[in-house]
Amino acid sequence: MSAAMPDQERSVDAEHSRPAGVDDATVEALGGLSEALETVHRARGHLYSAHQLIGGADLTLDRVVRLLRGAGHDDVADRVEHELLGRNVLPGRWTFQVVEEFDDGYYATFQEIERDARERLAGGRRHIYEAEMKQRRRTHGLPGHEATPEAGAP
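About the cut-offs
The residue numbers shown here count from 1 along each chain, following its written sequence. The model is predicted, so local features are restricted to residues of pLDDT at least 70 and side-chain atom pairs to those at 80 or more, both for listing and for counting; the totals for chains, interfaces and linings are taken over all residues. With hydrogens and water excluded, all non-hydrogen atoms of the structure serve as input to the side-chain values. Every axis in this analysis is a line fitted to C-alpha atoms, fitted for helices over the stretch in contact. Angles between the N-to-C directions lie between 0 and 180 degrees. Each helix is a run of DSSP H or I of at least 4 residues and each strand a run of E of at least 2, with the numbering of both proceeding from the N terminus. Geometric relationships in this document are graded by angle, where less than 35 degrees denotes roughly parallel, more than 145 denotes roughly antiparallel, 65 to 115 denotes roughly perpendicular, and other angles denote oblique. Should the near helix be turned anticlockwise from the far one by less than a right angle, the crossing is termed left-handed; should it be turned clockwise, right-handed. Every residue pair with non-hydrogen atoms within 4.5 Å of one another is taken to be in contact. Each residue gets one label: Ala, Val, Leu, Ile, Met, Phe, Trp, Tyr, Cys and Pro are nonpolar, Asp, Glu, Lys and Arg are charged, and the others, such as Gly, are polar. Pairing of aromatic side chains here covers Phe, Tyr and the six-membered ring of Trp, requires ring centres within 6.5 Å, and sorts the geometry by plane angle: under 30 degrees stacked, over 60 edge-to-face, intermediate tilted. The cut-offs for exposure are 20% and 50% of the maximum accessible area for each residue type, with area from a 1.4 Å probe on protein chains only; residues under the lower value are buried, those over the upper are exposed, and the others partly exposed. Joining through side-chain atoms within 4.5 Å is the link that ties buried Ala, Val, Leu, Ile, Met, Phe, Trp, Tyr and Cys residues into a set, and such a set is a nonpolar core. An expected span of 1.5 Å times one less than the residue number is assigned to each helix. The angle between axes fitted to the seven-residue stretch ending at a residue and the seven-residue stretch beginning at it gives the bend at that residue.

1. Observations regarding the packing of helix α2 (residues 24–70) against helix α3 (residues 74–84)
Working step 1: Packing of α2 against α3 brings their axes to within 8 Å, and their N-to-C directions diverge by 160 degrees. The pairing of α2 with α3 is recorded here as roughly antiparallel in orientation. The crossing of α2 and α3 is left-handed. Within the contact between the two elements, α2 uses Asp-58, Leu-61, Val-65, Leu-68 and Arg-69 and α3 uses Asp-74, Val-76, Ala-77, Asp-78, Val-80, Glu-81 and Leu-84.
Working step 2: By residue class, the composition of the contact of α2 with α3 is seven nonpolar, no polar and five charged.

If you want it as structure tokens, here you go:
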């Protein structure tokens, strides 16, 4: 971003404008930190999906054991029932414990560090990098390229 661009023209609105004195490298770094956090949010969703899928699979095993026993395969039913049903997915942990540890540890720390960095370096403002990119990339005055929802309102 050119240093010659006036601050009020850099962003789509005041809420996402860079505070005075914040340089391009800082805006880019905060944008990268935000992007990394968004990726961790997605990973968390996948972790919750795994939690629900594994839980559902474990509950399905009840039916499998009944069917195997009904078909006269007690040895296979016993193995499923005793070795697989209710088994930990990691040492000492079911998926709910994995999710809780992730949420309370890595995820909480990542969110706190990203928030602290924004507070300390940009007055708490979010998505400055993206707002400036939008301002550069949109076609000013063309419908569908408004800076904010209010700018396009009739």
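There is more to say after this.
2. Focus: the packing of aromatic side chains
Working step 1: Applying the stated criterion to the full structure yields four aromatic pairs.
Working step 2: With centroids separated by 6.0 Å and ring planes inclined at 35 degrees, the aromatic side chains of Phe-102 and Tyr-106 adopt a geometry described as tilted. Of this pair, Phe-102 and Tyr-106 both sit in helix α4 (residues 95–122), four residues apart, roughly one helical turn.
Working step 3: Taken together, a centroid distance of 5.9 Å and an interplanar angle of 25 degrees make the contact between Phe-102 and Tyr-107 stacked. Like Phe-102, the residue Tyr-107 is buried in the burial classification.
Working step 4: Here the aromatic cluster, defined as three or more aromatic residues joined through ring pairs, consists of Phe-102, Tyr-106, Tyr-107 and Phe-110.

3. Quick notes on the nonpolar core
Working step 1: Judged by nonpolar contacts, Val-22, Val-27, Leu-30, Ala-117, Ala-122 and Ile-128 together constitute the single largest core of six residues.
Working step 2: At the level of elements, α2 and α4 are the ones that each hand at least two residues to this core.
Working step 3: Ignoring any residue separated from it by four or fewer positions in sequence, one finds Ala-122 in contact with Pro-19, Leu-30, Ala-117 and Ile-128.

4. Section: α4
Working step 1: Taking 1.5 Å of rise per residue, the 28 residues of α4 would be expected to cover 40 Å, and the 37 Å separating its terminal C-alpha atoms lies within 8% of that figure.
Working step 2: Most pronounced at Asp-103, the bend in α4 amounts to some 40 degrees.
Working step 3: Looking at α4, one finds that the buried residues are Thr-95, Val-98, Val-99, Phe-102, Asp-103, Tyr-107, Phe-110, Glu-114, Ala-117, Arg-118 and Ala-122.
Working step 4: Buried-residue contacts for α4 involve α2 and α5 (128–137).

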